[in-house]
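Here is what each chain is made of, one letter per residue.
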Amino acid sequence: MEVFKQQDISAAAYNDYIGVRKLPSDIMDYLFNNCDELWKLLYYKGDTVGKENVPVSEKRKMIAKSSGDNLDEYQVLFQFFTSDSSSKANSQLRIQIISAESTNRTNVLCRVGIQCIVNNKNMIVSTDESPIDNRALAMAQAVIQCLNGQSMETAKTPLNIDKSIDRYSGITKYDFNNNFSGYIITMSCYV
(Lines give C-alpha, C1' and ligand atoms only; values in the text may rest on other atoms or scores of the structure.)
Protein backbone atom coordinates (compact mmCIF):
# COMPACT_ATOMS: atom_id res chain seq x y z
CA MET A 1 0.00 0.00 0.00
CA GLU A 2 1.35 3.39 -0.99
CA VAL A 3 1.37 6.09 1.70
CA PHE A 4 -0.13 9.41 0.65
CA LYS A 5 2.60 12.03 0.27
CA GLN A 6 1.77 15.68 0.50
CA GLN A 7 2.99 17.69 -2.45
CA ASP A 8 5.92 19.96 -1.70
CA ILE A 9 4.44 23.36 -2.45
CA SER A 10 6.74 26.29 -1.95
CA ALA A 11 5.71 28.77 0.74
CA ALA A 12 6.26 31.48 -1.87
CA ALA A 13 3.24 30.11 -3.73
CA TYR A 14 0.98 31.52 -1.01
CA ASN A 15 0.41 35.09 0.11
CA ASP A 16 1.54 35.66 3.69
CA TYR A 17 -0.33 39.00 4.11
CA ILE A 18 2.83 40.67 5.45
CA GLY A 19 2.36 43.50 2.96
CA VAL A 20 -1.03 44.27 4.51
CA ARG A 21 0.61 45.08 7.84
CA LYS A 22 3.32 47.24 6.26
CA LEU A 23 1.10 49.18 3.86
CA PRO A 24 -0.05 51.95 6.27
CA SER A 25 3.53 52.85 7.21
CA ASP A 26 4.58 52.74 3.54
CA ILE A 27 1.76 55.15 2.74
CA MET A 28 2.79 57.45 5.59
CA ASP A 29 6.42 57.40 4.46
CA TYR A 30 5.35 58.38 0.96
CA LEU A 31 3.07 61.19 2.18
CA PHE A 32 5.80 62.38 4.56
CA ASN A 33 8.21 62.93 1.68
CA ASN A 34 5.88 63.90 -1.17
CA CYS A 35 2.77 65.75 0.01
CA ASP A 36 3.71 69.22 1.27
CA GLU A 37 0.16 70.60 0.88
CA LEU A 38 -1.24 67.95 3.24
CA TRP A 39 1.33 68.76 5.94
CA LYS A 40 0.59 72.48 5.70
CA LEU A 41 -3.14 71.77 6.16
CA LEU A 42 -2.38 69.58 9.18
CA TYR A 43 0.18 71.90 10.78
CA TYR A 44 -1.17 75.43 10.37
CA LYS A 45 -4.34 76.19 12.32
CA GLY A 46 -5.25 79.14 10.11
CA ASP A 47 -4.86 79.90 6.42
CA THR A 48 -2.08 78.18 4.49
CA VAL A 49 -1.68 80.74 1.68
CA GLY A 50 1.99 81.47 1.13
CA LYS A 51 3.04 79.48 4.22
CA GLU A 52 6.40 77.71 4.29
CA ASN A 53 6.51 73.95 3.93
CA VAL A 54 6.47 72.18 7.28
CA PRO A 55 10.00 71.26 8.45
CA VAL A 56 10.82 67.55 8.70
CA SER A 57 11.37 67.87 12.47
CA GLU A 58 7.84 69.25 12.93
CA LYS A 59 6.27 66.59 10.71
CA ARG A 60 7.89 63.88 12.82
CA LYS A 61 6.37 65.38 15.98
CA MET A 62 2.89 65.15 14.41
CA ILE A 63 2.94 61.34 13.97
CA ALA A 64 1.77 59.10 16.84
CA LYS A 65 4.13 56.20 17.57
CA SER A 66 1.64 54.09 19.51
CA SER A 67 -1.88 54.12 20.93
CA GLY A 68 -0.52 54.49 24.45
CA ASP A 69 0.77 57.97 23.77
CA ASN A 70 -1.26 61.04 24.65
CA LEU A 71 -3.14 61.11 21.34
CA ASP A 72 -4.17 64.75 21.80
CA GLU A 73 -0.62 65.71 20.83
CA TYR A 74 -0.73 64.18 17.34
CA GLN A 75 -2.29 64.91 13.96
CA VAL A 76 -1.36 61.64 12.21
CA LEU A 77 -2.48 58.32 13.65
CA PHE A 78 -2.70 54.71 12.51
CA GLN A 79 -6.16 54.03 13.92
CA PHE A 80 -9.59 55.30 13.01
CA PHE A 81 -11.45 58.07 14.83
CA THR A 82 -13.56 56.90 17.78
CA SER A 83 -15.74 58.71 20.29
CA ASP A 84 -12.79 58.99 22.70
CA SER A 85 -10.39 60.23 20.03
CA SER A 86 -8.25 63.31 20.22
CA SER A 87 -10.27 66.46 20.53
CA LYS A 88 -7.52 69.08 20.66
CA ALA A 89 -5.97 68.67 17.21
CA ASN A 90 -7.28 71.08 14.61
CA SER A 91 -6.81 68.59 11.77
CA GLN A 92 -6.02 64.91 11.71
CA LEU A 93 -5.07 62.23 9.21
CA ARG A 94 -5.78 58.65 10.16
CA ILE A 95 -4.72 55.61 8.15
CA GLN A 96 -5.93 52.06 8.68
CA ILE A 97 -6.54 48.91 6.66
CA ILE A 98 -10.29 48.50 6.11
CA SER A 99 -10.17 45.01 4.64
CA ALA A 100 -7.92 42.45 2.99
CA GLU A 101 -9.68 39.94 0.74
CA SER A 102 -7.90 37.01 -0.85
CA THR A 103 -8.68 36.92 -4.56
CA ASN A 104 -6.61 33.77 -5.03
CA ARG A 105 -3.77 32.10 -3.13
CA THR A 106 -1.19 34.77 -4.04
CA ASN A 107 -3.14 38.02 -4.29
CA VAL A 108 -4.95 40.03 -1.65
CA LEU A 109 -7.14 43.02 -2.52
CA CYS A 110 -6.30 45.46 0.24
CA ARG A 111 -8.58 48.42 1.04
CA VAL A 112 -6.99 51.32 2.85
CA GLY A 113 -9.08 53.89 4.69
CA ILE A 114 -7.65 57.37 5.06
CA GLN A 115 -9.63 59.75 7.25
CA CYS A 116 -9.20 63.49 6.74
CA ILE A 117 -10.64 64.99 9.92
CA VAL A 118 -11.04 68.69 10.75
CA ASN A 119 -12.50 70.61 13.66
CA ASN A 120 -15.65 72.24 12.25
CA LYS A 121 -14.58 75.66 13.62
CA ASN A 122 -11.48 75.53 11.39
CA MET A 123 -13.02 74.03 8.25
CA ILE A 124 -12.97 77.08 5.96
CA VAL A 125 -9.45 78.17 5.07
CA SER A 126 -7.59 80.14 2.41
CA THR A 127 -5.10 77.97 0.53
CA ASP A 128 -2.84 78.45 -2.45
CA GLU A 129 -5.56 76.76 -4.53
CA SER A 130 -8.61 78.72 -3.36
CA PRO A 131 -9.31 81.80 -1.21
CA ILE A 132 -12.32 79.98 0.30
CA ASP A 133 -11.42 76.31 0.64
CA ASN A 134 -12.75 73.40 2.67
CA ARG A 135 -9.77 72.16 4.71
CA ALA A 136 -10.98 68.55 4.87
CA LEU A 137 -11.68 68.38 1.14
CA ALA A 138 -8.31 70.04 0.43
CA MET A 139 -6.63 67.38 2.58
CA ALA A 140 -8.48 64.59 0.75
CA GLN A 141 -7.61 66.02 -2.65
CA ALA A 142 -3.93 66.40 -1.69
CA VAL A 143 -3.80 62.77 -0.50
CA ILE A 144 -5.45 61.48 -3.66
CA GLN A 145 -3.26 63.58 -5.91
CA CYS A 146 -0.17 62.27 -4.13
CA LEU A 147 -1.13 58.58 -3.80
CA ASN A 148 -3.38 57.69 -6.75
CA GLY A 149 -1.41 55.48 -9.12
CA GLN A 150 1.62 55.39 -6.81
CA SER A 151 3.49 52.14 -6.23
CA MET A 152 4.19 51.24 -2.63
CA GLU A 153 7.10 49.00 -1.65
CA THR A 154 4.90 46.27 -0.15
CA ALA A 155 2.18 46.28 -2.85
CA LYS A 156 1.99 44.35 -6.12
CA THR A 157 -0.05 47.06 -7.84
CA PRO A 158 -0.21 50.84 -7.42
CA LEU A 159 -2.64 52.37 -4.92
CA ASN A 160 -5.71 53.56 -6.73
CA ILE A 161 -9.16 54.99 -6.40
CA ASP A 162 -10.30 53.21 -9.59
CA LYS A 163 -13.60 51.37 -9.40
CA SER A 164 -12.51 49.00 -12.16
CA ILE A 165 -10.73 46.80 -9.61
CA ASP A 166 -12.58 47.82 -6.44
CA ARG A 167 -16.15 49.09 -6.42
CA TYR A 168 -15.69 50.51 -2.91
CA SER A 169 -12.99 53.00 -3.89
CA GLY A 170 -13.83 56.69 -3.57
CA ILE A 171 -14.30 59.49 -1.04
CA THR A 172 -17.21 59.92 1.33
CA LYS A 173 -18.20 62.92 3.47
CA TYR A 174 -18.41 61.94 7.11
CA ASP A 175 -19.39 63.58 10.42
CA PHE A 176 -17.12 62.05 13.05
CA ASN A 177 -18.93 63.72 15.97
CA ASN A 178 -20.49 67.13 16.73
CA ASN A 179 -17.11 68.88 16.54
CA PHE A 180 -15.26 67.06 13.76
CA SER A 181 -16.16 66.23 10.17
CA GLY A 182 -14.30 65.46 6.98
CA TYR A 183 -13.83 62.72 4.43
CA ILE A 184 -12.96 59.05 4.29
CA ILE A 185 -10.89 58.05 1.29
CA THR A 186 -10.96 54.40 0.27
CA MET A 187 -8.03 53.34 -1.90
CA SER A 188 -7.08 49.86 -3.01
CA CYS A 189 -4.17 47.80 -4.23
CA TYR A 190 -3.11 44.19 -4.45
CA VAL A 191 -0.53 42.90 -1.99
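1. Things to note about the overall build of the protein chain
If you tally the helices and strands in the protein chain, you get four helices and seven strands. Beginning at the N terminus, the succession of helices and strands in the protein chain can be written as α-α-α-β-β-β-β-β-α-β-β. If one aligns the C-alpha atoms of the protein chain with their principal axes, the spans along those axes are about 80 × 35 × 30 Å. In the protein chain, which comprises 191 residues, the share counted as buried stands at 46%. Relative to all contacts within the protein chain whose residues are 6 or more apart in sequence, the contacts with residues 24 or more apart total 57%. Once the 20 positive and 22 negative side-chain charges of the protein chain are each reduced to a mean point, those two points are 3 Å apart.

2. Focus: the packing of helix α1 (residues 18-34) against helix α2 (residues 36-43)
Running from amino to carboxyl end, α1 crosses α2 at an angle of 90 degrees, the nearest separation of the two axes being 6 Å. When the axis of α1 is compared with that of α2, the two are roughly perpendicular. Counting all contacts with α1, which are made through Met28, Leu31, Phe32 and Asn34, the residues of α2 involved are Asp36, Leu38 and Trp39. Its residues assigned to classes, the contact of α1 with α2 shows five nonpolar, one polar and one charged.

3. A short note on the packing of α2 against helix α4 (residues 135-147)
A pair of packed helices is captured by two measures, namely the crossing angle of their axes and the spacing between those axes. Where α2 contacts α4, the axes come no closer than 8 Å and their chain directions differ by 155 degrees. It follows from the interaxial angle that α2 and α4 lie roughly antiparallel. For the crossing formed where α2 meets α4, the hand is left-handed. When α2 is examined against α4, the residues Glu37, Leu38, Leu41 and Leu42 are found in contact with a partner set consisting of Arg135, Ala138, Met139, Ala142 and Val143. Here the contact of α2 with α4 is built from residues that sort into seven nonpolar, no polar and two charged.

4. Observations regarding the pairing of strand β6 (residues 170-175)
By the bridge criterion, six bridges tie β6 to strand β7 (residues 180-190) in an arrangement that is antiparallel. Within the sheet, the bridge partner assigned to lysine 173 lies in β7 and is tyrosine 183. Counted along the chain from β6 to the antiparallel partner β7, the turn is four residues long.

5. Remarks on unusual backbone geometry
Unusually for a residue other than glycine, tyrosine 17 sits at a positive phi of about 65 degrees. Looking at the secondary structure, you find tyrosine 17 in the segment before α1.

6. Focus: the confidence of the model for the protein chain
Looking at the protein chain as a whole, the pLDDT averages 90, with 90% of positions reaching at least 70. Within the protein chain, α4 carries the highest mean pLDDT (98), whereas strand β1 (residues 76-77) carries the lowest (92). Low confidence marks residues 3-9, where pLDDT is under 50. Its contacts with residues over four positions away, or in another chain, come to one contact.

7. Considering α4
For α4, which comprises 13 residues, the first-to-last C-alpha distance of 18 Å matches the rise-based estimate of 18 Å (1.5 Å per residue) to within 8%. In terms of burial, α4 is largely enclosed, as 10 of its 13 residues are buried. Capping the start of α4 is the job of one residue whose side-chain oxygen sits 3.0 Å from the backbone nitrogen of alanine 136: asparagine 134. Directly after α4, the chain includes glycine 149, whose backbone phi takes a positive value near 85 degrees.

8. So, the packing of aromatic side chains
Using the criterion set out here, one finds five aromatic pairs in the structure. Taken together, a centroid distance of 5.7 Å and an interplanar angle of 75 degrees make the contact between phenylalanine 32 and tryptophan 39 edge-to-face. By relative accessible area, phenylalanine 32 is classed as buried at 12%. Every member of this aromatic cluster is reached through a ring pair, and the members are Phe81, Tyr174, Phe176 and Phe180. Positioned above the aromatic ring of phenylalanine 32 is the side chain of lysine 59, whose terminal nitrogen or guanidinium carbon lies 4.8 Å from the ring centre. Above the plane of the ring of tyrosine 14 lies arginine 105, whose end atom (NZ or CZ) is 5.3 Å from the centre.

What counts and what doesn't
- Residues numbered from 1 in each chain as written.
- Predicted model: local features only at pLDDT ≥ 70, side-chain atom pairs only at ≥ 80, totals over all residues.
- Heavy atoms only, no water.
- Helix = DSSP H or I, 4+ residues; strand = E, 2+ residues; numbered from the N terminus.
- Buried < 20%, exposed > 50% of the residue type's maximum accessible area, 1.4 Å probe, protein only.
- Contact = heavy atoms within 4.5 Å.
- Lys, Arg positive; Asp, Glu negative; His and termini not counted.
- Charge placed at Lys NZ, Arg CZ, Asp CG, Glu CD.
- Axes fitted to C-alpha atoms, helices over the stretch in contact; angles between N-to-C directions.
- Parallel < 35°, antiparallel > 145°, perpendicular 65-115°, else oblique.
- Nonpolar A, V, L, I, M, F, W, Y, C, P; charged D, E, K, R; others polar.
- Left-handed = near helix turned anticlockwise from the far one by under 90°.
- Pairing = 2+ DSSP bridges.
- pLDDT = per-residue confidence, 0-100.
- Expected span 1.5 Å × (residues − 1).
- Polar contact = N/O pair within 3.5 Å; in protein donor to acceptor, adjacent residues only side chain to side chain.
- Phe/Tyr/Trp six-rings, centres within 6.5 Å; stacked < 30°, edge-to-face > 60°.
- Lys NZ or Arg CZ within 6 Å of the ring centre and 35° of its normal.

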